Amino acid sequence: MKIDVLTLFPEMLEPLKVGIIGRALNKGIFTLNVTDFREFSKDKHKHVDDYSFGGGAGMIIAPQPVADAVNSVDSKHEAKRIYLSPRGRVFNQTVAKELAREERLLFLCGSYEGVDQRVLDKCFDDEISIGDYIMTCGEIGALAVINTTVRLLSGVLGSEESLEKESFDDNLLEYPQYTRPAVWEGIKVPEVLLSGDHAEVDKWRQQKRIEITKERRPDLLKKKK
């Protein structure tokens, strides 16, 4: 998979170069090209924003530098182009799986009060939100979407089994996990997990998934119906 990110703050994408995702990058499972679209500004001071027509607080990112950056890195529109936006469709595991099937992705990280609608209409295919809240920029959203999506690519995780029965895959949250010692500060690991009875362990885990989901995310249970 090839990933392009258009941003005003390239340094904010550095976390993608460490940990599991960083190892996947080094192994060539995906490529990452981060472009500062300020470099495409034709303003002599390299400004990329201007006042909003109709008034209002804040500045709007102008269409020219964004469009030129998009055309520079994806001239043939081979990538699925995504704008990180609070008004976009909400990102979840299903959307991540959808994106993981793409060969190429391009993300635009917005800033200020938004991006001129004309360049979004002309150059982008989708808008994605990571939740119902407002941040100062789109880079954190890009990090979340890229991390979640790349994690699903073959060879990224040490064990493909790690992708099985994960939270949200069937609208249930994950069961509790335990490791050694069997007793820590007087707290014991549930006996069933020490029994060696795999059928009973699976039954216990499934029940815990239902209980935790009912308690913390009952909305997910409604989606199962």
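Scope of this entry: the structure provided in the associated data block. (Residues numbered from 1 in each chain as written. Predicted model: local features only at pLDDT ≥ 70, side-chain atom pairs only at ≥ 80, totals over all residues. Heavy atoms only, no water.)

**Here's the deal with the pairing of strand 2 (residues 31-36)**
So, point 1. Here strand 1 (residues 2-7) pairs with strand 2 via six bridges, running parallel. By the bridge assignment, aspartate 4 is partnered in strand 2 with asparagine 33.
So, point 2. For the crossover from strand 1 across helix 1 (residues 19-26) to strand 2, the handedness is right-handed. (Pairing = 2+ DSSP bridges. Helix = DSSP H or I, 4+ residues; strand = E, 2+ residues; numbered from the N terminus. Right-handed = clockwise from strand over helix to strand, strands pointing away.)

**Some thoughts on the environment of isoleucine 61**
So, point 1. Here isoleucine 61 lies in strand 4 (residues 59-61).
So, point 2. Isoleucine 61 sits in the buried class, given a relative accessible area of 0%.
So, point 3. The spacing of isoleucine 61 and serine 111 is 50 residues in sequence and 7.4 Å in space, taken between C-alpha atoms.
So, point 4. Among all residues touching isoleucine 61, those that are not within four sequence positions of it are Leu8, Phe37, Val48, Asp49, Val66, Gly110, Ser111, Tyr112, Gly114, Val115 and Asp116. (Buried < 20%, exposed > 50% of the residue type's maximum accessible area, 1.4 Å probe, protein only. Contact = heavy atoms within 4.5 Å.)

**Description of a nonpolar patch on the surface**
So, point 1. Residues Tyr133, Met135 and Ile140 make up a contiguous nonpolar surface patch of roughly 280 Å² in combined accessible area.
So, point 2. Following the sequence through the fold, isoleucine 140 ends up in helix 5 (residues 139-150). (Patch = residues over 30% accessible without salt bridge, like charges linked within 9 Å, V, L, I, M, F, W, Y side chains within 5 Å. Areas by Shrake-Rupley, 256 points an atom, 1.4 Å probe, with all protein chains shown as cover. Salt bridge = Lys/Arg side-chain N within 4 Å of Asp/Glu carboxyl O.)

**Section: helix 6 (residues 198-216)**
So, point 1. Helix length check: helix 6 (19 residues) gives 27 Å between terminal C-alpha atoms against 27 Å at 1.5 Å per residue, within 8%.
So, point 2. Taken residue by residue, helix 6 has Val201, Trp204, Arg209, Ile212 and Thr213 as its buried positions. The arc that holds the buried residues of helix 6, viewed along the axis, is 160°, so those residues lie on one side. Relative to its buried face, helix 6 has exposed residues pointing more than 90 degrees away, namely Ala199, Lys203 and Lys214.
So, point 3. Of the surrounding elements, those touching the buried residues of helix 6 are helix 7 (218-224). (Expected span 1.5 Å × (residues − 1). Arc of directions from axis to C-beta.)

**Here's the deal with the sheet that holds strand 2**
So, point 1. The strand order 2-1-6-5-7 describes an open sheet built from five strands, whose pairing is parallel. Whereas interior strands pair on both sides, the edge strands pair on one side only; in this sheet they are strand 2 and strand 7 (126-129). In this sheet, adjacent strand axes meet at a mean angle of 30° when their direction is disregarded.
So, point 2. By the bridge criterion, five bridges tie strand 5 (residues 80-90) to strand 7 in an arrangement that is parallel. (Axes fitted to C-alpha atoms, helices over the stretch in contact; angles between N-to-C directions.)

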